[in-house]
Amino acid sequence: MFDWTQDPHRRYNPLTREWVLVSPHRTQRPWQGQMEETAAALQPAFDPECYLCPGNARAGGVRNPAYTSTFVFDNDFAALRPGTPCEEFDLNGILLARSEPGLCRVVCFAPQHNLTMANMDPAGLRSVVDTWVEQFQELGARPEINYVQIFENRGAMMGASNPHPHCQIWSSHSLPNEIAKEQESLLAWREARGTCLLCDYAGVERSGAERVVEENEGFLTVVPFWAVWPFETMVISKRHVTAIDQLTGAERDQLADILKRTTARYDRVFNVSFPYSMGFHQRPTDGAAHEEHHLHLHFYPPLLRSATVRKFLVGFEMLGMPQRDITPEAAAARLRSV
Ligand code: H2U
Ligand code: ZN
């Protein structure tokens, strides 16, 4: 008899149409690596050396204003630039390159250096949500911008350069790969079944509840059935909205609430400020309605066994496909228990 909680199997991700290998029996294998606890480094509310704290100078020399809520500025080391001229290079389709105009910004969530989403108050987090909406609208309205990617790298392990609470926005002319993949899948699902893939998925998870981690009136946090990272989650809007600009005032509060609850749970798993990369996936800003899109966020945290022992996507995963040991159901149970 096949046992889904013990026997190796593959799971399908309908959003990317890729598979992940699940090997639950391997959670019993011996581990001789480290498993230490790390004391969270206590941060001050203001750090005179921080380039994001109010009143301080940034690396380029510009001084931050004495901001009191959120603060947005153009990234001083932007990966994309707005004035980039149109150019294409094509050698028989083998060597193919295209110019990429865009605009990168940094959003400070709060003036306090030692806050995180998990310990910000609801009003402060609501200001962050409002700022995301404003930025999505403002950047998305530019003719050369067709996609606005809002994301946060949290923790040194994820390459974040600074603990000050902040996120980045990279807005680009082309659709980034992950969005392009999701868009094709969402469109194909809609054409084949006449429904929204993520509305259908949220329905399945709410009726089973096995992978649900948090829920409020407007949003659901689940460990996806097809998760790759040990504690990966997805935050899904319950109502079919294509992007953050369609949320009502109440739903903006609910988004702030679910983000706080989800990140606070993460911090309790290993008693550490949990590192992750998270970000929104939503409607492109090319002017079309894109009814196939459904607002959601992905949280990709690297930690596996402790505050310091992380999962690496190496070996078979680089050459073959992603793989996980702990099942998504076990990860969800662990997140619910803390
Ligand atoms: P990360 O912590 O996710 O690396 O984001 C910080 C961003 O801030 C990073 O993209 C920018 C970096 O380019 N930055 C500035 O724009 N000005 C500075 O003075 C330092 C860092
Ligand atoms: Zn700071």
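Basis of the calculations
Residues numbered from 1 in each chain as written. Chains lettered and ligands numbered in written order. Predicted model: local features only at pLDDT ≥ 70, side-chain atom pairs only at ≥ 80, totals over all residues. Heavy atoms only, no water. Axes fitted to C-alpha atoms, helices over the stretch in contact; angles between N-to-C directions. Helix = DSSP H or I, 4+ residues; strand = E, 2+ residues; numbered from the N terminus. Left-handed = near helix turned anticlockwise from the far one by under 90°. Contact = heavy atoms within 4.5 Å. Nonpolar A, V, L, I, M, F, W, Y, C, P; charged D, E, K, R; others polar. Near = heavy atom within 4 Å. Polar contact = N/O pair within 3.5 Å; in protein donor to acceptor, adjacent residues only side chain to side chain. Areas by Shrake-Rupley, 256 points an atom, 1.4 Å probe, with all protein chains shown as cover. Donors = N, O, S within 2.8 Å, 3.2 Å for Na, K, Ca; no water. Tetrahedral: all angles 85-135°; square planar, octahedral: opposite > 155°, others 65-115°. Salt bridge = Lys/Arg side-chain N within 4 Å of Asp/Glu carboxyl O. Buried < 20%, exposed > 50% of the residue type's maximum accessible area, 1.4 Å probe, protein only. Pairing = 2+ DSSP bridges.

### Here's the deal with the packing of helix α1 (residues 122-140) against helix α4 (residues 249-269)
Consideration 1: Remark: α1 packs on α4, axes separated minimally by 9 Å, with the N-to-C direction vectors making an angle of 115°. Taken as a pair, α1 and α4 cross one another with a handedness that is right-handed. Residues Leu125, Arg126, Val129, Asp130, Trp132 and Val133 of α1 form the contact with α4, whose participating residues are Gly249, Arg252, Asp253, Leu255, Ala256, Leu259 and Lys260.
Consideration 2: Looking at the contact of α1 with α4 residue by residue, the classes come out as seven nonpolar, one polar and five charged.

### Structural notes on the site of ligand 1
Consideration 1: In the neighbourhood of ligand 1, 14 residues make up the surrounding shell, with Ala59, Asn75, Asp76, His166 and Gln168 lying closest.
Consideration 2: A distance of 2.7 Å separates an oxygen atom of ligand 1 from a polar side-chain atom of Asn75.
Consideration 3: Taking Gln168, its side chain carries an N or O atom lying 2.8 Å from an oxygen atom of ligand 1.
Consideration 4: Within the complex, the protein chains bury 88% of what would otherwise be the 470 Å² of accessible surface of ligand 1.
Consideration 5: Grouping the constituent residues of the shell around ligand 1 by class yields six nonpolar, six polar and two charged.

### A closer look at the coordination of the zinc ion (ligand 2)
Each angle at a metal carrying four tetrahedral donors should ideally be 109.5 degrees, and each at a metal carrying six octahedral donors should ideally be 90 or 180 degrees.
Consideration 1: Looking at the zinc ion (ligand 2), one finds its protein donor set to be Cys50 (SG), Cys53 (SG), His113 (ND1) and His164 (ND1), positioned 2.0 to 2.3 Å from the metal centre.
Consideration 2: For the zinc ion (ligand 2), the four donor atoms in the first shell make angles of 102 to 115° at the metal, so the coordination geometry reads as tetrahedral.

### Here's the deal with the pattern of salt bridges
Once the charged atoms of two side chains with opposite charge are near each other, the side chains can pair.
Consideration 1: Counted by the stated rule, this structure contains 24 salt bridges.
Consideration 2: Across the pair Glu329 and Arg11 runs a salt bridge, and its minimum N-O distance is 2.9 Å. One end of the pair, Glu329, is in helix α6 (residues 328-337); the other, Arg11, is in strand β1 (residues 9-13), and 318 residues separate them in sequence. Each member of the pair, Glu329 together with Arg11, is buried.
Consideration 3: In this structure, Arg105 and Glu138 form a salt bridge, with 3.0 Å as the shortest nitrogen-oxygen distance. With Arg105 in strand β6 (residues 102-108) and Glu138 in helix α1, this residue pair connects regions lying 33 residues apart in the sequence.
Consideration 4: What emerges from the salt-bridge pattern is a single network uniting Arg11, Glu205, Glu210, Arg211 and Glu329.

### What to know about the sheet that holds strand β13 (residues 296-300)
Consideration 1: Spatially, the nine strands line up as an open sheet ordered β3-β6-β8-β7-β12-β13-β11-β10-β9, and their pairing is antiparallel. Sheet topology places β3 (71-74) and β9 (212-215) at the edges, where each strand pairs with a single neighbour. Put simply, the sheet's adjacent strands are angled 20° from each other on average, direction ignored.
Consideration 2: Across the sheet, α4 touches β9, β10 (219-222), β11 (233-237), β12 (276-281) and β13, and the angle it forms with β10 is around 20°.

### Brief notes about the pairing of β1
Consideration 1: Alternating positions in β1 separate cleanly, His9, Arg11 and Asn13 being buried on one face and Arg10 and Tyr12 remaining unburied on the opposite face.
Consideration 2: With five bridges connecting them, β1 and strand β2 (residues 18-22) associate as antiparallel partners. The residue bridging Asn13 from the neighbouring strand is Glu18, located in β2.
Consideration 3: With antiparallel pairing between neighbouring strands as the criterion, β1 and β2 make up a hairpin whose turn holds four residues, including Arg17 at a positive phi of roughly 60°.

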